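Observations on chain architecture
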Amino acid sequence: MPYRILFLLVSLSLASLSACGPDPEDDAQPVCPECPGEPTDPLITGPSVATDYELEIAEYMPRPILDEDNPLTREGIELGRRLFYDKIMGRDSAFACADCHRQERAFTDGRTLAVGVDGREGRRNAMSLVNLVFNGSGFNWDGSSVKLWEQAVHPVENMFEMDEDWANVLERIRGSDDYPQRFRATYGIDRRSEITQELVVKAIAQFESTIISADSHFDRVFFKNTEFFTEEEQLGADSLFFVENVPVGALHPGCGHCHNAPSFGDNRFKNNGLDDVASLDDFRDKGFGAVSGSKFDNGKFRTPTLRNIALTAPYMHDGRFTTLAEVVEHYADGGHGVENEDPNITGFPLTERKKRALVAFLNSLTDEGLLTDPRFSDPFE
Ligand code: HEC
Ligand code: HEC
């Protein structure tokens, strides 16, 4: 009998035999440790010692923030990649993380607001997943998940995303022909019942941590000296983006105050002047304020990386801008004077030429290799 069916039968008979063992809801427990005569949870065979993995990071990038509770291993990364692309993670085995985080769009979805199971629209724009390993400020637009692996719990159960019970996801993974061996190879477990939500999300986070983007035209010009900027890109870089050469008091786009190289996003929570609200209580999406509990943080969002920004439209936490030109015009307008707007949102004079230069510079941040890198691609294709 294929194990999957056997497993289902065991769980069904358990559900009706209350005298026998643990609550089937409790995923940390063996299927039925004490049931005499029940064919429970046989040993998983195969290798059980994982191989350490060291991230390779260009020397001009920041140092990674590694999670001691989730060391990277070759087996863990590959397992996480599979789970990330596998539709068994979603309701009716029909929705994967990768449906909203698509490699060819630098792991975004091209939509204003994310769309989950049954076409349900969420309240925020899907984020890019590059260079997460450099972020120490918490994940999501509002920093609501402290650790990367904690983040992965939510999309599965969020009704606007994958809308599935973790118990069902675990049952499918434990009953699979392939995953139990991979969990054993990664975590050294002996039995299918030892596959827990925590091990699943930790593997996903391992995979996500390896998605590093650091080879754009900008990097080849600036750090590797193997390419040159066009005049327009150079204008965008020198006089518009970087802030070192700006005379004190001059009005300047100053993007680099918050989106500084080499990460192009300092991950701090700021109000970059999007909403004209009468008081700090009036932001439609409170952002970081809902996490910190401080009213002064309402309307602040994490400053994301601008790497691959040409591929990740629409822009901002609610996807309100369709093009980079619109984004630049927003910053040139200089916000709305709301109390907690960042002082670096000053507004600045913008000619058509400067606008084009700034957009040309932003376009130089695309890492073309990322989009087809086989390490990050769909393993089921
Ligand atoms: C329906 C589309 C959708 C699905 C499916 C989805 N995400 Fe997301 N993802 C989003 C949205 C929207 C955000 C921003 C959430 C927020 O700020 O509240 C996000 C944010 C993230 C972030 C935070 C990135 C950062 O820089 O902070 C990570 C990591 C992530 N998703 C991983 C995953 C994983 C892993 C899965 C599968 C378990 C998944 N996502 C499934 C839409 C989706
Ligand atoms: C005061 C800090 C600050 C400055 C200065 C700043 N930004 Fe931002 N930027 C942010 C924050 C915070 C966000 C996220 C806001 C949100 O989504 O609500 C953001 C978001 C963006 C986004 C959207 C990113 C995405 O993934 O959707 C783009 C593009 C962008 N900024 C470009 C620029 C450019 C170009 C400049 C200079 C003209 C600039 N920024 C100046 C803080 C800043």
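Above: the structure in question.
This report concerns the structure included in the present document. Not measured: the values here are computed from a predicted model.

The next point concerns the site of ligand 1. Near ligand 1, the surroundings consist of 28 residues, among which Cys97, Cys100, His101, Asn140 and Arg302 are the closest. Between ligand 1 and arginine 302, the relevant distance is 2.7 Å, taken from an oxygen atom to a side-chain nitrogen or oxygen of the residue. Looking at the shell around ligand 1, the elements that each hand over two or more residues are α3 (148–151), α4 (153–157) and α7 (197–209).

Taking 1.5 Å per residue, 12 residues should reach 16 Å; helix α2 (residues 74–85) reaches 17 Å between its end C-alpha atoms and fits that length. Counting buried positions along α2 yields nine of 12 residues, so the element is predominantly enclosed.

Right, let's get into the coordination of the iron atom of ligand 2. Coordination sphere of the iron atom of ligand 2, protein contribution only: His259 (NE2) and Tyr331 (OH), at 2.0 to 2.1 Å. Around the iron atom of ligand 2, the six donor atoms are arranged such that angles at the metal cover 85 to 179 degrees; this shape is classified as octahedral. Separated by 72 residues along the polypeptide, histidine 259 in the loop between α9 (231–241) and β1 (269–270) and tyrosine 331 in helix α11 (residues 324–333) bring together distant segments of the chain. By the burial criterion, histidine 259 is buried, and tyrosine 331 matches it.

The next point concerns the site of ligand 2. Close contacts around ligand 2 come from 25 residues, with Cys255, Cys258, His259, His317 and Tyr331 the closest. The backbone of methionine 316 places a nitrogen or oxygen atom 2.8 Å from an oxygen atom of ligand 2. Only β2 (301–302) and α11 provide two or more residues apiece to the shell around ligand 2. Here the shell around ligand 2 takes three residues from α11, the largest share from any one element. Here the residues of the shell around ligand 2 sort into 16 nonpolar, six polar and three charged.

The next point concerns the side chain of arginine 220. Among the structural elements, arginine 220 can be located in helix α8 (residues 217–222). Leaving out residues up to four positions away in the same chain, arginine 220 has contacts with Asp215, Asn225, Thr226, Glu227 and Glu368.

A few words now on the packing of aromatic side chains. Given two aromatic rings, one states the distance between the centres and the angle between the planes to describe the pair. Counted according to the given criterion, the structure contains 20 aromatic pairs. Measuring from ring centre to ring centre gives 6.4 Å for phenylalanine 218 and phenylalanine 229, while their planes differ by 35 degrees; the resulting arrangement is tilted. You can see phenylalanine 218 sitting in helix α8 and its partner phenylalanine 229 sitting in the loop between α8 and α9, a full 11 residues away along the chain. Here phenylalanine 218 matches phenylalanine 229 in class, with each residue buried. Linked through ring pairs, Tyr60, Phe218, Phe222, Phe223, Phe229, Phe241, Phe242, Phe264 and Phe361 together constitute an aromatic cluster.

Moving on, we get to the nonpolar core. Leu83, Phe84, Met89, Trp166, Ile173, Phe183 and Val200 are the most contacted members of the largest nonpolar core, which has 53 residues in total. Breaking this core down by element, the ones donating at least two residues are α2, α3, α4, α5 (166–174), α6 (179–187) and α7. Discounting chain neighbours no more than four positions away, the residues touching isoleucine 173 are Leu83, Ile88, Met89, Tyr179, Pro180, Phe183, Ile195 and Val200. In this structure, Phe241, Leu306, Phe321 and Tyr331 belong to the second largest nonpolar core, which totals 28 residues.

Along the chain, the position of arginine 172 falls in helix α5. Since its relative accessible area comes to 16%, arginine 172 is described here as buried. Sequence separation between arginine 172 and methionine 89 is 83 residues; the distance between their C-alpha atoms is 8.6 Å.

This part is about the layout of surface pockets. Space left empty within the atom packing is revealed by a probe, the size of a water molecule, rolled over the atoms. A volume near 450 Å³ is recorded for the second largest pocket. What lines the second largest pocket is a set of 26 residues, among which Ile65, Leu66, Asp67, Val133 and Ser209 lie closest to the centre.

Moving on, we come to unusual backbone geometry. Cis geometry marks the peptide bond from alanine 261 to proline 262; its omega dihedral reads 0 degrees. Considering the arrangement of structural elements, one finds proline 262 in the loop between α9 and β1. Cis geometry marks the peptide bond from alanine 313 to proline 314; its omega dihedral reads -10 degrees. Not every positive phi belongs to a glycine, and asparagine 225 is a case in point at roughly 55 degrees. The residue asparagine 225 is located in the loop between α8 and α9 in this model. Phi angles above zero are rare outside glycine, and methionine 316 is one such case at about 85 degrees.

Right, let's get into the packing of α9 against helix α12 (residues 352–363). In contact at an axis separation of 7 Å, α9 and α12 are set at 100 degrees when each is read in the N-to-C sense. The angle between the axes of α9 and α12 places the two elements in the roughly perpendicular class. Residue-level contacts link Glu232, Glu233, Leu235, Gly236, Ala237, Leu240 and Phe241 of α9 to Arg353, Lys354, Arg356, Ala357, Leu358, Ala360, Phe361 and Leu362 of α12. In terms of residue class, the contact of α9 with α12 is built from nine nonpolar, one polar and five charged.

Cut-offs used in this document
Residue numbers here run from 1 along each chain, matching the order of that chain's written sequence. To read the labels, note that chains go from A and ligands from 1, taken in the order they are written. pLDDT decides what is reported in this predicted model: residues at 70 or higher carry local features, side-chain atom pairs at 80 or more are listed and counted, and totals for whole chains, interfaces and linings draw on all residues regardless. Note: side-chain values were computed over all heavy atoms of the structure, leaving out hydrogens and water. Nearness here has a simple test: a residue counts as near a molecule or strand if at least one of its heavy atoms is within 4 Å of that partner. We call two N or O atoms a polar contact when they sit within 3.5 Å, provided that within protein one can donate a hydrogen and the other can accept it, with sequence-adjacent residues counted only if both atoms are side-chain atoms. The numbering of helices and of strands both runs from the N terminus, where a helix is a DSSP run of H or I of at least 4 residues and a strand a run of E of at least 2. The length a helix should cover is 1.5 Å for every residue beyond the first. For every residue, the accessible area obtained with a 1.4 Å probe (protein chains only) is divided by the maximum for its type, and the residue is called buried under 20%, exposed over 50%, and partly exposed between those limits. Sodium, potassium and calcium take a 3.2 Å donor cutoff, other metals 2.8 Å, and in both cases only N, O and S atoms count; water is not among them, so sites may look incomplete. Labels for metal geometry use angle windows, namely 85 to 135 degrees for all angles of a four-donor tetrahedral site, and for square planar (four donors) or octahedral (six donors) sites opposite donors over 155 degrees apart plus all others within 65 to 115; sites meeting none of these are irregular. Each residue receives one of three labels: charged for Asp, Glu, Lys and Arg, nonpolar for Ala, Val, Leu, Ile, Met, Phe, Trp, Tyr, Cys and Pro, and polar for the others, Gly being one of them. Only heavy atoms matter for contacts: two residues are in contact if any of them lie within 4.5 Å across the pair. For this analysis, a ring pair means two rings from Phe, Tyr or Trp (six-membered ring only for Trp) whose centres lie within 6.5 Å, classed as stacked if their planes differ by under 30 degrees, edge-to-face if by over 60, and tilted for the remaining angles. We call a set of buried residues a nonpolar core when its members are Ala, Val, Leu, Ile, Met, Phe, Trp, Tyr or Cys and they connect through side-chain atoms within 4.5 Å of each other. Definitions used throughout: a 1 Å grid over protein atoms alone; a cavity as a set of points that fits a 1.4 Å probe which cannot get out; a pocket as an open set with protein on both sides within 12 Å along at least five of seven lines; a lining residue as one with an atom within 4 Å of a point. Grid points are joined across faces, edges and corners, and a volume is the space filled by probe spheres set on the points. Where helices are involved, their axes are fitted lines through C-alpha atoms of the stretch in contact, as for all axes, and angles between N-to-C directions lie from 0 to 180°. Note on terminology: angles under 35 degrees are roughly parallel, angles over 145 are roughly antiparallel, angles of 65 to 115 are roughly perpendicular, and the others are oblique.

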